[in-house]
Amino acid sequence: MQETTKIIRKINALRSIISTWRQEKKTIALVPTMGALHEGHLSLIKIAKQKADKVIVSIFVNPKQFSQNEDLTRYPRDEKGDRYKLSSIMTDLIWAPSISEIYPDNFSTFVIPQGCALSLEGEFRPDHFTGVATVCTKLFSQTMPDYAIFGEKDYQQLCVIRQLVRDLNLPLSIVSGKISREKDGLARSSRNLYLTTKERGIAPALYSALKTIAKNAKYEANLDKAINLAKKELLDAGFRKIDYLAVRDAHTLGPYIPSSKTDGRILAAAWLGKTRLIDNISL
Ligand code: AMP
């Protein structure tokens with residue numbers, strides 16, 4: 001019978017395990033998650049297992065990256081199911097601290113990223129990346145990994161974390177994983193659980209709209225025209241509101257200049273009923 005992966009909830013207990021692994025000269029990879037694990041998360045864990053001797057998956061629904069009107073209380077949670085999945089792929093340790101373990105009373109130190117954190121998600125969710133950068137800095141200092149694996153699904157988050165690690169000289173490497181998609185193209189996400197059956201049928205239109213831009217950008221000197229066509233496609237399909245649908249420089253997330261040699265990235269956030277979906281592809 002397979003062993004059940006150990007869940008650790010206290011920093012002292014975590015530190016003692018990490019220190020043993022370090023003495024044994026084991027390398028460590030961390031996969032930070034908010035739980036409700038799906039195949040997208042598991043694909044990152046597979047990368048982690050290839051990279052390091054020991055794999056830690058953190059499960060923490062971080063209140064500081066949700067604003068007041070967001071879905072913190074209804075965010076899906078399934079620790080039992082998560083533990084079962086992680087045990088089946090033999091993760092070494094689950095780090096699942098309580099909110100008070102991460103943010104004790106009088107917690108007053110935040111990491112406030114600028115640069116690539118300011119646009120796109122940063123405009124619509126102003127404190128989001130401060131919450132993300134603060135919790136990731138803490139997760140890195142708690143687990144002391146050689147590698148941390150992040151998905152391209154949250155492409156801007158990946159850029160913000162790379163910037164954080166570079167700017168603060170944090171001693172770890174960031175590794176990215178490709179987006180895992182359902183058969184119809186919808187990017188896997190814990191938030192897909194919110195969709196009604198009808199909305200689930202409409203949801204792949206987001207990926208189609210991104211592909212429309214990528215396809216038309218090849219022939220259009222004017223990217224705005226390709227973007228407007230994709231916006232129309234998305235609204236016609238039944239999306240309620242588009243927060244952004246944009247082509248950006250893939251590294252800085254600043255303006256994309258077609259004549260330059262840099263890579264482009266197409267990113268979108270749009271509302272389907274009460275659910276906000278995000279997705280992106282390379283140009
Ligand atoms: P979350 O639990 O949504 O905070 O995501 C935890 C990590 O899993 C982040 O690095 C996400 O980018 C990544 N992730 C989420 N969905 C996917 C997906 N469909 N494919 C690849 N990575 C994903």
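Not measured: the values here are computed from a predicted model. (Residues numbered from 1 in each chain as written. Predicted model: local features only at pLDDT ≥ 70, side-chain atom pairs only at ≥ 80, totals over all residues. Heavy atoms only, no water.)

**A short note on the state of the cysteines**
Taken as a whole and judged by the stated rule, the model has zero disulfides. In this structure Cys136 is a free cysteine whose sulfur lies 13 Å from that of Cys116, the closest cysteine sulfur available. Cys159 carries a free sulfur, and the closest cysteine sulfur to it, the one in Cys116, is 5.2 Å from it. By relative accessible area, Cys159 is classed as buried at 9%. (Disulfide = S-S within 2.5 Å. Buried < 20%, exposed > 50% of the residue type's maximum accessible area, 1.4 Å probe, protein only.)

**Focus on the packing of aromatic side chains**
Across all of its chains, the model carries six aromatic pairs by this definition. An angle of 80 degrees between the planes, with centres 5.8 Å apart, marks the rings of Phe66 and Tyr75 as edge-to-face. As far as burial versus exposure is concerned, Phe66 and Tyr75 are alike and both buried. One aromatic cluster is present, built from ring pairs that chain together Phe60, Tyr103, Phe107 and Phe110. When the ring centre of Tyr103 is taken as reference, the NZ or CZ atom of Lys64 above it lies at 4.7 Å. The side chain of Arg74 reaches across the aromatic face of Tyr194, ending 3.9 Å from its centre. (Phe/Tyr/Trp six-rings, centres within 6.5 Å; stacked < 30°, edge-to-face > 60°. Lys NZ or Arg CZ within 6 Å of the ring centre and 35° of its normal.)

**Considerations on the sheet that holds strand β9 (residues 275-282)**
One open sheet holds the three strands; their spatial order is β7-β8-β9, and the pairing between them is antiparallel. In the strand order of this sheet, the two ends are held by β7 (241-249) and β9, each with one partner. In this sheet, neighbouring strand axes are inclined to one another by 10 degrees on average, regardless of whether the strands run parallel or antiparallel. Sheet topology places β7 next to strand β8 (residues 264-272); eight bridges connect them, and they run antiparallel. Along β8, the bridge assignment pairs Leu245 with Ala268. (Pairing = 2+ DSSP bridges. Helix = DSSP H or I, 4+ residues; strand = E, 2+ residues; numbered from the N terminus. Axes fitted to C-alpha atoms, helices over the stretch in contact; angles between N-to-C directions.)

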